[in-house]
Structure formats: structure tokens, C-alpha cells
Amino acid sequence: MRRLATRLGVTAMALYKHVANKEDLLAGMVDAVVVDYESPVDPRDWRDAVAQRVRAARRALVRHPWMRRAIESRTARSPAVLGHMDAVAGEMLAGGLTPDLVHHAMHALGHRLWGFSPEAFDDDARPPTELTEPERERRIAEVAAAGEAFPAIVAITTDSLRRARTGSCDEDARSSSSPSPSCSTASNDFGPRAGPPPDRRRDP
């Protein structure tokens, strides 16, 4: 808060006239970005509408890299956050999915609703930095050493290292209008992951 106050040219105490604390500030910052997510434009069907909403969240995340950590640290859902979740769920319901199947779908999407895919067993919470070519080649060599035991993982990881500036699975290697490649199943913020649901979708 002191650093922010310095950048704004005010005293730290002046900030507390507007926000209760740092968490309140971060929550407001998240809300300010989420309410500006673009709505779907001429979607072909409910699937396209959901995809456009997720890609809009991804574009916002690319513009505001701090959003990922801020979203992961949130413990309460604001009206703005609930509004995005409701809009995504609403597209599925409008497409003919049952509420139960939409519930499972929201669990499966998890953090992808917000444009990123958290990694399980991620021992480095620091934001990725751009790799130098020697560092990139060193990492590729390290991964290749596991090739015989885990060939599929090696193929995916090597491809990510070669295409992405940071080598991160969550980095956009394509245009920001496309969802980013992911190397793992996303965890989610809707509670424990449910098992595979029976197919209760009506034919939309």
C-alpha cells in the first residue's frame, strides 16, 4: 500500500479513505476488469458463446497479468465475479443443458472461466520470466532425458518450451483471441471435483 501511495503521490493513509486494506483493493481491481469482459458477438450456438466468454477472460488476463494471482487469492465472490459465472452458466442452460450437467461443466471449466489453468504440483509460484536461448535449450535437454519413460509428456513440454517465450504452459503461444495451451488438468474453485456425470443433456 505504501508503494502504491508513493506512485500516486499521496500518503498511505489517504488510500484507506477508499479501501479497507490491500485485500479490499485487490478485490476492487479484479471487479473492475471482470465487469469489462466482452460479451459474445453473434455466437453460432451455446458452445461458441461459452468459448467467446472464456476467450474474453483470457484477453483480459493477458492485458492484466497480475489478475491470475489476484483471482487465486480471492476467498469471496463479488457480484461482478458471480455475474461472469452466471453468464457462462446461462449460456449452457439456454443451450438446453440441465442444471445438473451445467453444475458439472462449471466444475470441469474451473479456473478456465477466468482465462488460465493452474498447475498441480507447481513448486514455483513466481510469474514466469522470458527464457534466454541457452536456458531454453538446457530445459529441453533436461526434459528429453525422461523421453523413454514419459514420451507423451516430453513431447508436450518440449513443444511448449520451443513455442512460448517463457516456456510456461499457461502462456499464450498463439494470439490472445485463442485460449492458451495447457499442460495439465485445471484445478477449480467450485469445491471438490466430481466424478464423470451421466449424460443428461437434452438435444439442443
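Look up: the structure comes first, before these words.
Presented here is an overview of the structure given in this document.

Thoughts on the overall build of the chain
Part 1 of the argument: On a plain count of helices and strands, the chain comes out with nine helices and zero strands.
Part 2 of the argument: Moving toward the C terminus, one meets the helices and strands of the chain in the order α-α-α-α-α-α-α-α-α.
Part 3 of the argument: Taking all 204 residues of the chain together, 36% fall into the buried category.
Part 4 of the argument: In the chain, once contacts between residues fewer than 6 apart in sequence are set aside, the share between residues at least 24 apart is 66%.
Part 5 of the argument: Split by element, the accessible area of the chain, about 12700 Å² in all, is 57% carbon and sulfur.

Remarks on unusual backbone geometry
Part 1 of the argument: Not every positive phi belongs to a glycine, and Asp 42 is a case in point at roughly 45°.
Part 2 of the argument: Along the chain, Asp 42 falls in the loop between α3 (22–34) and α4 (46–63).
Part 3 of the argument: Owing to a relative accessible area of 72%, Asp 42 belongs among the exposed residues under this scheme.

Considering the layout of surface pockets
Part 1 of the argument: The volume enclosed by the second largest pocket comes to roughly 320 Å³.
Part 2 of the argument: Taken together, Met 1, Arg 3, Leu 4, Arg 7, Lys 22, Leu 25, Leu 26 and Met 29 form the lining of the second largest pocket.
Part 3 of the argument: Listed by contribution, the elements that provide at least two residues to the lining of the second largest pocket are α1 (2–8) and α3.
Part 4 of the argument: Sorting elements by how many residues they give to the lining of the second largest pocket places α3 first, with four residues.
Part 5 of the argument: Each residue belonging to the lining of the second largest pocket can be placed in one class, and the counts come to five nonpolar, no polar and three charged.

Some thoughts on the packing of α4 against helix α6 (residues 79–94)
Part 1 of the argument: Where α4 meets α6, the closest approach of the two axes is 8 Å, and the angle between their N-to-C directions is 160°. The orientation of α4 with respect to α6, classified from their angle, is roughly antiparallel. Crossing angle aside, the handedness with which α4 passes α6 is left-handed. Together, Trp 46, Ala 49, Val 50, Arg 53 and Ala 57 of α4 and His 84, Ala 87, Val 88, Glu 91 and Met 92 of α6 make up the contact between the two elements.
Part 2 of the argument: A per-class count over the contact of α4 with α6 returns seven nonpolar, one polar and two charged.

Details of the packing of aromatic side chains
Part 1 of the argument: Under the counting rule described, the total for this entry stands at one aromatic pair.
Part 2 of the argument: Ring geometry for Tyr 37 and Trp 114: centres 6.5 Å apart, planes at 45°, overall tilted. Separated by 77 residues along the polypeptide, Tyr 37 in the loop between α3 and α4 and Trp 114 in the loop between α7 (99–109) and α8 (133–144) bring together distant segments of the chain.
Part 3 of the argument: The exposure class assigned to Tyr 37 is buried, which follows from its relative accessible area of 12%.
Part 4 of the argument: The exposure class of Trp 114 is buried, given its relative accessible area of 2%.

Overview of the nonpolar core
Part 1 of the argument: By size, the foremost hydrophobic cluster in this structure holds 27 residues, and its most contacted members are Tyr 37, Met 67, Met 92, Met 106 and Trp 114.
Part 2 of the argument: At the level of secondary structure, the elements contributing two or more residues to this core comprise α3, α4, α5 (67–72), α6 and α7.
Part 3 of the argument: With near-sequence residues (within four places) excluded, Met 92 lies in contact with Trp 46, Val 50, Leu 97, Val 102, Ala 105, Met 106 and Leu 109.

Parameters and conventions
- Residues numbered from 1 in each chain as written.
- Predicted model: local features only at pLDDT ≥ 70, side-chain atom pairs only at ≥ 80, totals over all residues.
- Heavy atoms only, no water.
- Helix = DSSP H or I, 4+ residues; strand = E, 2+ residues; numbered from the N terminus.
- Buried < 20%, exposed > 50% of the residue type's maximum accessible area, 1.4 Å probe, protein only.
- Contact = heavy atoms within 4.5 Å.
- Areas by Shrake-Rupley, 256 points an atom, 1.4 Å probe, with all protein chains shown as cover.
- 1 Å grid on protein atoms, 1.4 Å probe; cavity = no way out; pocket = protein on both sides within 12 Å on 5 of 7 lines; lining within 4 Å.
- Points joined across faces, edges and corners; volume = space filled by probe spheres on them.
- Nonpolar A, V, L, I, M, F, W, Y, C, P; charged D, E, K, R; others polar.
- Axes fitted to C-alpha atoms, helices over the stretch in contact; angles between N-to-C directions.
- Parallel < 35°, antiparallel > 145°, perpendicular 65-115°, else oblique.
- Left-handed = near helix turned anticlockwise from the far one by under 90°.
- Phe/Tyr/Trp six-rings, centres within 6.5 Å; stacked < 30°, edge-to-face > 60°.
- Core = buried A, V, L, I, M, F, W, Y, C linked by side-chain atoms within 4.5 Å.

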